[in-house]
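# Residue-level structural notes
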Amino acid sequence: MSSPGSTGKPGDLLADLTEAQRAAVTHGEGPLLILAGAGSGKTRVITRRVAYLLQQGVRAGNVLAITFTNKAAGEMRQRVEQLVPGNRVWVSTFHSLGARLLRQYADRLNLDKNFTIYDTDDRNKLVKDALSALGIDDIKFTPERIAGAISKAKNQLLHPKAYEQQAHDFFSQTVAKVYVGYEKRLRAANGMDFDDLLYLPALALRHNEELRADLDSRFKYVLIDEYQDTNQAQYEIARRLSIHHPNLCVVGDPDQSIYKWRGSDIKNILDFERDFPAARVITLTQNYRSTKAILRAAGRVIDQNKQRKKKELVTDNPDGEPVRVLTFDNGLDEAEGAVLRIKETVKAGRFRYRDHAIFLRINALTRSLESAFVKHGVPFQIVKGLAFFERKENRDVLAYLRLLVNPQDTVSFLRVVNEPPRGIGKVSVERLQQYSGQNEISLLTAAGQVQKIPEIKGKAATGLRDFFRLLTDLRTQLELPPHELIRLVLDKSGYRKMLADSSEEDDADRLANIEELITAAKQFHDEDNTRTLGDFLEQIALASDVDNWDEKTDCVSVMTLHAAKGLEFPVVYMLAVEQGLLPHERSLAKDEDVEEERRLCFVGMTRAMKELYMCHSRLREFRGQALYAVPSMFLEELPPEVEHLDSSAARNTARGAIEEWRTRVNQTAQTAGYSSRTPPVKPITPSVANPADGSYAAGQVVQHEEYGIGQITDVSGFGALRKLKIRFAGAGEKTFVADKVKLKVVQRK
């Protein structure tokens, strides 16, 4: 009989694995490199290995599993829980691991554990302040460019002095000066940027042997997924945790290394055997995802790269449909063509909307797609990460919360000290900053001493004094669940009243958004009632694009190729496969950068399970200009069997392409013994206004008298509080109270 919490016999874990997968799961001690090709079941191997280690008597506290997104970490945690119920294995992203270690060992590292994690916008504000203090022109040297150089320095584990020593050109010397001022401001605000969450733990493990030995002993078995995307700081963490107990298992694929621009180094995986001479290498080449036709096409493209460990993916899946290259006259035709093809496929009953994904090299290309989706009534979601939390009103509320947790947070203080208006002008804030700097105290503490600053008087002095009292009172409630504390902040600060009293329609949307923020905080707390406000803020700060992707809703997913990593869809459309976009224009000067773009193309192609369409247009309107487009060099690398379809006769409705495609579908269907004949697409006509029974549903297309045609993306609440979220092609997403808004439901007749 198995012991409590075990999964039964080891054979249960191994029964459905291939020989190579079984070897990886049952590997004993010592370093292990698993070269896992696209779609080869690597997540299954990692989770089974964790479960196998626990079955062999390894304590859960001695196992650390690391991956790159919160979504992937959550899925891995769930799978391990199913295999070994009640286990306490630490499954985390690198950044979450770093944040937790910095908070846990704050005293030993001389840090304040209540630090704020600054996002890119916050970081850029501090860089701008540092530039201003040095009298450096922030137009010639933009904060974004300087911040990027500082980020790169941290990824290379270069502190300000070390960076200065290797700064030989004028730009680097300027960065070196700003780096010092930026770090000073960051520490004074008790802030951490994203890079610090890796940089500081890596340096601590390098220089604090006692801490390193403690963690090495604690995490005797370390498993790292997506190892090909690690940067120098992550590499350092992995190495330093595996000295006394070198049971480091890394899983990755050099052919899917796509984050050089973020500091990742493909050499980390290519040189693993050099770093760990005793390493065992296991290659997983059996693909369970894609058809043979898709693998042949993707394999031919990636085979052009030199920086790789050569392998050929094989599959028992059928040959399937040929990969198709679609040519359009322009970007609008391309968007319409893709959307109409998807609509026809769903009408024919071959796939659902959620079986489809559209990949783009950059987010800027989504506009024409959104218009096509709304025009043709096709449900969709654009996977763009933190769009909800980046709205002004939510950033304001989050700034209040961050200031409660970390009263030294300069950026958050400056954001909300006069939000809602308290009569505190720019000059008063500058005088407060001078006083704060001279006395080496936080801005919030300085606000509490406003009576000592004679230059600040009247309304501004009263406003600062009231703001200090408000934050002091609210800080006594920090133990409340996050959602209750947010309600308190909104009421006590006057922020809710400011929006509720406003006659502007946009402010009604903003009010609905902050109510939704309360809902998000409540759901977060309900999942685990031990979670604090600090935990909620950290989860938001460390979220990635794909964390907010809803795979259950029946709609087409639109995302960048980078966001698509690790996902799979039955049908994939890759748009704008053109020189200058894929490969990106910035990469064309260096062979190694073109290789990274080719890997990105390979990642997109290998997300497809059954059908793959690679699209390009002859004319591309981009950055306000219409330019002739050149098909991507990667299209030329495809095998001859790939089918080329010219849809240029579509003339913006893509009817010609659809009819030609429908004929092909019918031929295929008849061969398979069934008919897929579908009626032609009919024009959209509005039906009756607001349904009497209020039967709105997500996915419905509606018409608003001001904003035009839109699609309902969410329905929430009941009765008088029922709300609709509607995405319009020109106006973006708007929120309405269902009982008050005048809409016409759009139907096809």
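Residues numbered from 1 in each chain as written. Predicted model: local features only at pLDDT ≥ 70, side-chain atom pairs only at ≥ 80, totals over all residues. Heavy atoms only, no water.

You'll find the chain entered in an unreviewed UniProt entry as DNA 3'-5' helicase, with Fimbriiglobus ruber given as the organism. In the Sequence similarities (unreviewed entry) part of its UniProt record, the chain is described as follows: "Belongs to the helicase family. UvrD subfamily." (UniProt positions renumbered as here; feature names shortened; annotations may be inferred.)

With that out of the way, let us pick up the overall build of the chain. Tallying secondary structure elements over the chain gives 29 helices and 22 strands in all. Each of the 749 residues in the chain was classed as buried or not, and the buried ones make up 54%. Across the chain, the fraction of contacts at a sequence separation of at least 24, relative to all contacts at a separation of at least 6, is 74%. Accessible surface computed for the chain: about 33500 Å², of which carbon and sulfur atoms make up 49%. (Helix = DSSP H or I, 4+ residues; strand = E, 2+ residues; numbered from the N terminus. Buried < 20%, exposed > 50% of the residue type's maximum accessible area, 1.4 Å probe, protein only. Contact = heavy atoms within 4.5 Å. Areas by Shrake-Rupley, 256 points an atom, 1.4 Å probe, with all protein chains shown as cover.)

Attention now goes to the packing of aromatic side chains. All chains considered together, the criterion is met by 14 aromatic pairs. Between Phe 373 and Phe 380 the ring centres are 4.6 Å apart and the planes differ by 10 degrees, which places this aromatic pair in the stacked class. By the ring-pair criterion, three or more aromatic residues cluster together here, those being Phe 141, Phe 170 and Phe 171. Of note, Arg 103 hangs over the ring of Phe 115, and the distance from its end group to the ring centre comes to 3.9 Å. Above the face of the Phe 276 ring, Arg 239 is positioned so that its terminal group lies 5.0 Å from the ring centre. (Phe/Tyr/Trp six-rings, centres within 6.5 Å; stacked < 30°, edge-to-face > 60°. Lys NZ or Arg CZ within 6 Å of the ring centre and 35° of its normal.)

Take the pairing of strand S6 (residues 221-224) next. A regular strand carries its side chains on alternate faces of the sheet. Taking every second residue as pointing to the same face, both faces of S6 are buried, with Tyr 221 and Leu 223 on one and Val 222 and Ile 224 on the other. Relative to strand S7 (residues 247-252), S6 runs parallel, the two being bridged by four bridges. Residue Leu 223 lies in a different strand from S7, and its bridge partner there is Cys 249. In this fold, S6 hands off to helix H12 (residues 232-240), which returns the chain to S7; that crossover is right-handed. (Pairing = 2+ DSSP bridges. Right-handed = clockwise from strand over helix to strand, strands pointing away.)

Taken in spatial order, the six strands line up as S3-S2-S6-S7-S1-S8 in an open sheet, and their pairing is parallel. Edge strands, defined here as strands with exactly one partner in the open sheet, are strand S3 (90-93) and strand S8 (280-284). On average, each strand axis in the sheet is tilted by 15 degrees relative to the strand beside it, whichever way the strands run. Here helix H4 (residues 70-83) sits on the sheet and contacts strand S2 (63-67) and S3; the angle it forms with S3, its principal contact strand, is near 165 degrees. Along the sheet face, helix H5 (residues 94-104) touches S2, S3 and S6 and points at about 110 degrees away from the line of S3. (Axes fitted to C-alpha atoms, helices over the stretch in contact; angles between N-to-C directions.)

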